[in-house]
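For reference, the chains in residue letters:
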Amino acid sequence: MPCLVIVGGFFGDEGKGKIAAYLANKENPVIAVRGGVGPNAGHTFCYEGKTYKVRMLPSAALNSTTQLLVGAGVLVDPDILLNEIKTFGVFDRTLIDSQCGVIEKEHIERDIAGFHLKNEIGTTGTGTGPANADRAMRVLKLATEIPKLTRYIGDVSDTVNSALEKKDSVLVEGTQGTFLSLYHGSYPYVTSKDVTASAICSDVGLGPKKVDDVLIVFKAYVTRVGRGPLKDEITSDAAKAKGWLEYGSVTGRQRRASPFDPALAKKAIRLNGATQVAITKLDIIFPNSAGVREFSKLPREAQTFIEDVEGETGLRVTLIGTGAELTELIDRRN
Ligand code: IMP
Ligand code: MG
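Rules and cut-offs
- Residues numbered from 1 in each chain as written.
- Chains lettered and ligands numbered in written order.
- Predicted model: local features only at pLDDT ≥ 70, side-chain atom pairs only at ≥ 80, totals over all residues.
- Heavy atoms only, no water.
- Axes fitted to C-alpha atoms, helices over the stretch in contact; angles between N-to-C directions.
- Helix = DSSP H or I, 4+ residues; strand = E, 2+ residues; numbered from the N terminus.
- Left-handed = near helix turned anticlockwise from the far one by under 90°.
- Contact = heavy atoms within 4.5 Å.
- Nonpolar A, V, L, I, M, F, W, Y, C, P; charged D, E, K, R; others polar.
- Near = heavy atom within 4 Å.
- Polar contact = N/O pair within 3.5 Å; in protein donor to acceptor, adjacent residues only side chain to side chain.
- Areas by Shrake-Rupley, 256 points an atom, 1.4 Å probe, with all protein chains shown as cover.
- Donors = N, O, S within 2.8 Å, 3.2 Å for Na, K, Ca; no water.

A.B. asks: Looking at this model, I keep getting lost on the packing of helix α3 (residues 105-113) against helix α5 (residues 128-136). Mind explaining?
C.D. replies: Each pair of packed helices gets described by two things: the angle between the helix axes and the distance between those axes. Where α3 contacts α5, the two axes come as close as 7 Å, and the packing angle between them is 115°. Taken as a pair, α3 and α5 cross one another with a handedness that is right-handed. Of α5, the residues touching α3 (which contributes E106, H107, R110 and D111) are T128, G129, P130, A131 and D134. Taken together, the residues that form the contact of α3 with α5 break down as two nonpolar, three polar and four charged.

This is the structure we're talking about:
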C-alpha cells in the first residue's frame, strides 16, 4: 500500500465498501480515513454471513487494530457517527477532524422540504447539500463545537501525514462516484462537492504527491439513484430479469441500471488519475463465476470481460468481486 486511495468510477454504489473492507482485513493498514461528502453515502460489506453498513466511519471498521479517521472535508451527522462507533465498539480508535462540518436537523429539513433538491435533483435527503451550502456561507457549525463528539476530536491531516512520514500504511476511502462530482459529473444531477481522487485527498488534508496508488472501483454494470442521464438505461423489468435490480442503501430507492460503459470508465480513470481497477459483482453478470477466487477458474466469458476492460482502459484489474462476502474475491495484485 503505503498510501492507497479508493474512489468510485461511476455514480456511487460500485462496491467501494467491500473493496475497502477486504483491503483493510488483508493489509492491516495503520490508518483508514474517510473522505467524501458525508452520511449520504452508505458503504456495505458482508463478513462471515453478517452484513454491515457504514455511513460515517471508514469500511475498515471490522479490522480490530486500524485507526478510523474522518477527514475535515466530510460532513458529520453526530447521531449517525456515535451510533456506528457503538455498533463497531471502536471508541478508542476513532478520530474526527475538529474542522468537520456538522449536519443539524435543520439541514435535513431543508434537504427534504424543497421541491428543487428532493424532486428535481433527487437527493438522499440526508442534509449534506444544505450543510455544504452553509459551509460555503461560513455559518456551519464545526465538530469541535459539539460536546458529545469531544473525545473523538483531533487533527486528522496531521495524523495521516505523520503516519506516512513513518512509512505506515494509509487507506483513504472515497465515497459517491466520479459522475456525481459537482464539477465533473452530470450537473445539476450531482452531489454537493467534487468527489474525484483529488477532492478525497483534499478532504483528508493529503497532498497529491503523497499518494502511491489510486484504485478506481467499477461495478460490472452501472447503476444510478436519483435523476440525471444514464446512457443505454434498461427498464426496471429488464434489470430485474438480469438480477441487476438494486435498492439504495441509504434511501431504499430503486436504482436505475445500464450495462458497463467502457467510455465512461475511461473518462473516470483520467479524472481520478487511477492506477488500478477493481471490478465488483462479476457474479451478477456471469452467475457461473460466483465465489471464484482464482482468475484461471473463471468461466471463459468472464475472463474475456475482464481482459476487455483492461484493453479498453489500459489499466490492470487487480481486484475482482465474485460475491457479497469479503472473501469472495480474486486478488491479482502481484
Ligand atoms: P445528495 O448527495 O444527497 O445531495 O444527492 C445528490 C445526488 O447524488 C442524488 O442523485 C443522490 O442519489 C446521489 N448520491 C449521493 N450520494 C450517493 C451515494 O453514496 N451513492 C449513490 N448515489 C448518491
Ligand atoms: Mg452506497
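A.B. asks: Looking at this model, I keep getting lost on the site of ligand 1. Mind explaining?
C.D. replies: The immediate surroundings of ligand 1 are formed by 17 residues, with D13, N40, T124, T191 and R253 found nearest. Residue Q176 places a side-chain N or O atom 3.1 Å away from a nitrogen atom belonging to ligand 1. In this structure, R253 approaches ligand 1 through a side-chain N or O atom, which is 2.9 Å from an oxygen atom. When isolated, ligand 1 has an accessible area of 470 Å², and the protein chains bury 96% of it. Its residues assigned to classes, the shell around ligand 1 comprises six nonpolar, nine polar and two charged.

A.B. asks: Help me out: how do you make sense of the coordination of the magnesium ion (ligand 2) in this one?
C.D. replies: Ideal values differ by geometry: the angle at a metal is 109.5 degrees with four tetrahedral donors, but 90 or 180 degrees with six octahedral donors. Every protein donor of the magnesium ion (ligand 2) is accounted for by D13 (OD) and G42 (O), and the metal-donor separations fall at 2.2 to 2.6 Å. You can see D13 sitting in the loop between β1 (3-8) and α1 (16-27) and its partner G42 sitting in the loop between β2 (31-34) and β3 (43-47), a full 29 residues away along the chain.

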